[in-house]
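# Observations on the three-dimensional arrangement
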Amino acid sequence: SSMFIFVFYWTPCLMEPNLPIPPFGHIFSGFMIWCMLGTRVYSFLASRFPVRRICLGVMMVSVFCHVTVFLFKDVVIRFLAFLVFEMMVGLYFPMMGTL
């Protein structure tokens, strides 16, 4: 469900009043690149750690990313938290396929 919350709220979280509308296409493509990076990171981690440990780390980092978006008003920090969350999404899907 956190992924669907992210999909619904990422655009308003990255907009600031009195500034031009951000380039949402470029931002979305960045999210997809970080998601793909997450799958590559999973293949690296899976050869070194048990899947349960990777799963715990992914869930903890995902929660941290959502809390960061809630606590900080700076758009750059929110954007970086969204990128890291997308990497966790990229880790999540192959991890669930392994379990």
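Above: the structure in question.
All of these numbers come straight from a predicted model, not from anything done at the bench.

### Things to note about the packing of aromatic side chains
The geometry of two aromatic rings is summed up by the distance between their centres and the angle between their planes. Under the definition given, this model contains six aromatic pairs. With 4.9 Å between their ring centres and 85° between their planes, F8 and Y9 make a pair best called edge-to-face. By relative accessible area, F8 is classed as exposed at 58%. Measuring from ring centre to ring centre gives 5.4 Å for Y92 and F93, while their planes differ by 80°; the resulting arrangement is edge-to-face. Taking the relative accessible area as the measure of exposure, F93 reaches 48% and is therefore partly exposed. Through a chain of ring-to-ring contacts, three or more aromatic side chains come together here, namely W10, F24, F31, F79 and F82.

### Thoughts on the nonpolar core
Considering soluble globular proteins, one finds that nonpolar side chains tend to be buried as a cluster. Membership of the largest hydrophobic core comes to 15 residues, with the highest contact counts inside it found for F6, W10, L14, F31 and F82. Elements with a contribution of two residues or more to this core: α1 (2-13), α2 (24-46), α3 (51-71) and α4 (75-98). Those residues in contact with L14 that sit more than four places away from it in its chain are P22, I27, F31, V75, R78, F79 and F82.

### Some remarks on the packing of α1 against α4
Two numbers describe how α1 lies on α4: the axes approach to 12 Å, and their chain directions differ by 155°. Put simply, α1 runs roughly antiparallel to α4. Once α1 is placed against α4, the crossing between them reads as left-handed. Along its contact with α1, which presents S2, M3, F6, W10 and C13, the element α4 presents V75, R78, F82, F85, E86, V89 and F93. Of the residues that constitute the contact of α1 with α4, the class distribution is nine nonpolar, one polar and two charged.

### Comments concerning the state of the cysteines
Each disulfide is one covalent bond, formed between the sulfur atoms of two cysteines. In this structure the tally under the stated criterion is zero disulfides. Free cysteine C13: the closest other cysteine sulfur is in C65, separated by 13 Å. Exposure remark for C13: the relative accessible area of 16% places this residue in the buried category. Overall, the relative accessible area of 4% leaves C65 in the buried class.

### Description of α3
Here α3 spans 30 Å end to end across 21 residues, near enough to the 30 Å set by a 1.5 Å rise per residue. Of the positions making up α3, those classed as buried are V51, I54, C55, V58, S62, C65, T68 and V69. All buried residues of α3 fall inside an arc of 155° around its axis, so they share one side. For α3, the exposed residues set more than 90 degrees away from the buried face come down to R52, R53, L56, M60, V63, F64, F70 and L71. In this structure, the buried side of α3 is in contact with α1, α2 and α4.

Reading the values: rules and limits
- Residues numbered from 1 in each chain as written.
- Predicted model: local features only at pLDDT ≥ 70, side-chain atom pairs only at ≥ 80, totals over all residues.
- Heavy atoms only, no water.
- Phe/Tyr/Trp six-rings, centres within 6.5 Å; stacked < 30°, edge-to-face > 60°.
- Buried < 20%, exposed > 50% of the residue type's maximum accessible area, 1.4 Å probe, protein only.
- Core = buried A, V, L, I, M, F, W, Y, C linked by side-chain atoms within 4.5 Å.
- Helix = DSSP H or I, 4+ residues; strand = E, 2+ residues; numbered from the N terminus.
- Contact = heavy atoms within 4.5 Å.
- Axes fitted to C-alpha atoms, helices over the stretch in contact; angles between N-to-C directions.
- Parallel < 35°, antiparallel > 145°, perpendicular 65-115°, else oblique.
- Left-handed = near helix turned anticlockwise from the far one by under 90°.
- Nonpolar A, V, L, I, M, F, W, Y, C, P; charged D, E, K, R; others polar.
- Disulfide = S-S within 2.5 Å.
- Expected span 1.5 Å × (residues − 1).
- Arc of directions from axis to C-beta.

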